[in-house]
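# A structural walkthrough
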Amino acid sequence: MISPKVEKEVMRSRQSSGLRILVWSIFTLVAVLLVLGIYIMVRQSAMRMSADYYYPFLKAVRGTENTVADQILLMQSKTKLVNALKKLMNENAILSAEQAVVADLKKENTELRALMSLGRKGTFRPVFAEVLTRDPMTWQEQFTLDKGSRDGIEPGNLVVTPVYSKLPDMPRIAVIGKVKSVTGHTAQVLTILSRDFRLSVSLPDSKASGILEGTRISSGMQATLKFLPLDTVPAAGQTVYTNAFSGNSPPGLPVGIVAAGSRSVQDSRRNQLYLETVIRPLESPAEVRFAAVFVKEKK
């Protein structure tokens, strides 16, 4: 049987052994960290010194390479240089064409998304269509859609198109014209710029209504809003909307904006009976590719 004295000695020995192990572990860790820090400092210093030391040699090599490249370029014949230039120009033209295609696809995607977001407006439903043909002589005034009477389209139906603009406050959809005539599979559209175009519209701010008439001119695209009350004061940038007076189109669709620099009230009077002002379409008819025709559902 072990005496209490011997047992205490054993315990002291174990405690001192554990303490020595802990001290040696801490010392070893500190030594490793110290050696690692010294290594990193020496390595960084060596890299800086070597970079400064080799800089003249590397600079000379780079200068020699540039000189040789310039001499080789000068030794080439004019024919080779011209051919190389043509090749670069062709590659640049191809890249430009690809970029234009990507931009066009992006615009087309935006337009189609805007159209697909259209829903019913009262008793009117949208019929989606694509521009089928145009007459070069009346490019801005009319075009033909690939949908007709078999899709429910009738003369007088309102035609809207997406508005492609980066301005956040611009409408995504705007009126671009009215259906003039239809066949079973096609519809001819008169745009806002056509002299035969007529549409009842309103200015919400003043609650005044008038008749929008196309007045295509060579200096730009515009229409004329006529028969406004004399006390109306149209403000530049004010949006014009459709109203329910015609009965053949849903109200509240944006049509255009009052053009900046429109004639004043005094200058635009007609025999002191009414006021007229200039309206600019929200989208150019020449840019229309996709459209929607609002068709009134039969009871």
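Residues numbered from 1 in each chain as written. Predicted model: local features only at pLDDT ≥ 70, side-chain atom pairs only at ≥ 80, totals over all residues. Heavy atoms only, no water.

### Here we look at the packing of aromatic side chains
Tallied over the full model, the rule gives 2 aromatic pairs. Geometrically, the ring pair formed by Trp24 and Phe27 is edge-to-face, given 5.9 Å between the ring centres and 90° between the ring planes. Placement of the pair is Trp24 and Phe27 together in helix H1 (residues 4–75), with a separation of 3 residues, close to one helical turn. One exposure class covers both Trp24 and Phe27, and it is exposed. With 4.8 Å between their ring centres and 45° between their planes, Phe227 and Tyr274 make a pair best called tilted. Remark: Tyr274 occurs in the loop between strand E10 (254–258) and strand E11 (275–281) and Phe227 occurs in strand E8 (residues 223–228); sequence separation between them is 47 residues. (Phe/Tyr/Trp six-rings, centres within 6.5 Å; stacked < 30°, edge-to-face > 60°. Helix = DSSP H or I, 4+ residues; strand = E, 2+ residues; numbered from the N terminus. Buried < 20%, exposed > 50% of the residue type's maximum accessible area, 1.4 Å probe, protein only.)

### Side note on the sheet that holds strand E6 (residues 198–203)
The 6 strands are arranged E6-E7-E8-E11-E10-E9 in a closed barrel whose pairing can be described as antiparallel. When strand polarity is set aside, the average angle formed by the axes of neighbouring strands in this sheet is 45°. Across 3 bridges, the pairing between E10 and E11 is antiparallel. Each residue of the ladder has a partner; that of Gly256, found in E11, is Pro281. (Pairing = 2+ DSSP bridges. Axes fitted to C-alpha atoms, helices over the stretch in contact; angles between N-to-C directions.)

### Some points on the sheet that holds strand E5 (residues 187–191)
Strand order in the closed barrel formed by 6 strands is E1-E2-E5-E4-E3-E12, with antiparallel pairing between adjacent strands. When the angles between neighbouring strand axes are averaged without regard to direction, this sheet yields 45°.

### A short note on unusual backbone geometry
Residues other than glycine seldom take positive phi values, yet Phe227 does so here, at roughly 65°. Relative accessible area serves as the criterion here: at 44%, Phe227 is assigned to the partly exposed category.

### Quick notes on the environment of Thr183
Here Thr183 is to be found in the loop between strand E4 (173–182) and E5. For Thr183, a relative accessible area of 43% translates into the label partly exposed. Between the C-alpha atoms of Thr183 and Arg150, which are 33 residues apart in sequence, the distance is 8.3 Å. If near-sequence neighbours (up to four positions away) are discounted, Thr183 is found in contact with Gly148 and Ser149. (Contact = heavy atoms within 4.5 Å.)

### Describing the environment of Gly237
For Gly237, the location among the structural elements is in the loop between E8 and strand E9 (239–242). Sequence spacing of Gly237 and Ile257 is 20 residues, and the spatial spacing of their C-alpha atoms is 5.3 Å. Excluding its chain neighbours within four sequence positions, the residues that come into contact with Gly237 are Ile257 and Val258.

### What about the side chain of Thr144?
The residue Thr144 is located in strand E2 (residues 142–145) in this model. A residue is classified by how much of its surface remains accessible, and Thr144, at 18% relative accessible area, is buried.

### Overview of a nonpolar patch on the surface
A surface patch of nonpolar side chains, about 480 Å² in accessible area, is lined by Leu19, Leu22, Val23, Ile26 and Val30. You can see Ile26 is positioned in helix H1. Its relative accessible area of 48% is what places Ile26 among the partly exposed residues. (Patch = residues over 30% accessible without salt bridge, like charges linked within 9 Å, V, L, I, M, F, W, Y side chains within 5 Å. Areas by Shrake-Rupley, 256 points an atom, 1.4 Å probe, with all protein chains shown as cover. Salt bridge = Lys/Arg side-chain N within 4 Å of Asp/Glu carboxyl O.)

### Comments concerning the nonpolar core
Ranked by internal contacts, the top residues of the largest apolar core, which has 26 residues, are Val160, Leu212 and Leu225. Of all elements in the fold, only strand E3 (158–162), E4, E6, strand E7 (208–214), E8, E10, E11 and strand E12 (290–296) reach the threshold of two or more residues within this core. Setting aside anything within four residues of it in sequence, one finds Leu225 in contact with Val201, Leu203, Gly210, Ile211, Leu212, Val240, Leu275, Glu276, Thr277 and Ile279. If you look at the next biggest cluster of nonpolar residues, it comprises 15 residues, including Ala129, Ala187, Val288 and Val295. (Core = buried A, V, L, I, M, F, W, Y, C linked by side-chain atoms within 4.5 Å.)

### Some thoughts on the pairing of E2
Burial of the side chains of E2 extends over both faces: Gln142 and Thr144 are buried on one face and Phe143 and Leu145 on the other. Note: strand E1 (residues 124–133) against E2, 2 bridges, orientation antiparallel. Counterpart to Thr133 in the pairing with E2 is Thr144. In the sheet, E2 pairs with E5 via 4 bridges, with the strands oriented antiparallel. Following the sheet pairing, Gln142 is matched in E5 by Leu190.

### Digging into the environment of Leu282
Checked against the element boundaries, Leu282 lands in the loop between E11 and E12. When its relative accessible area of 10% is taken as the criterion, Leu282 is described as buried. The spatial distance from the C-alpha of Leu282 to the C-alpha of Tyr164 is 9.1 Å, given a sequence separation of 118 residues. With near-sequence residues (within four places) excluded, Leu282 lies in contact with Val163, Met170, Pro171, Ala174, Pro254, Val255, Gly256 and Ile257.

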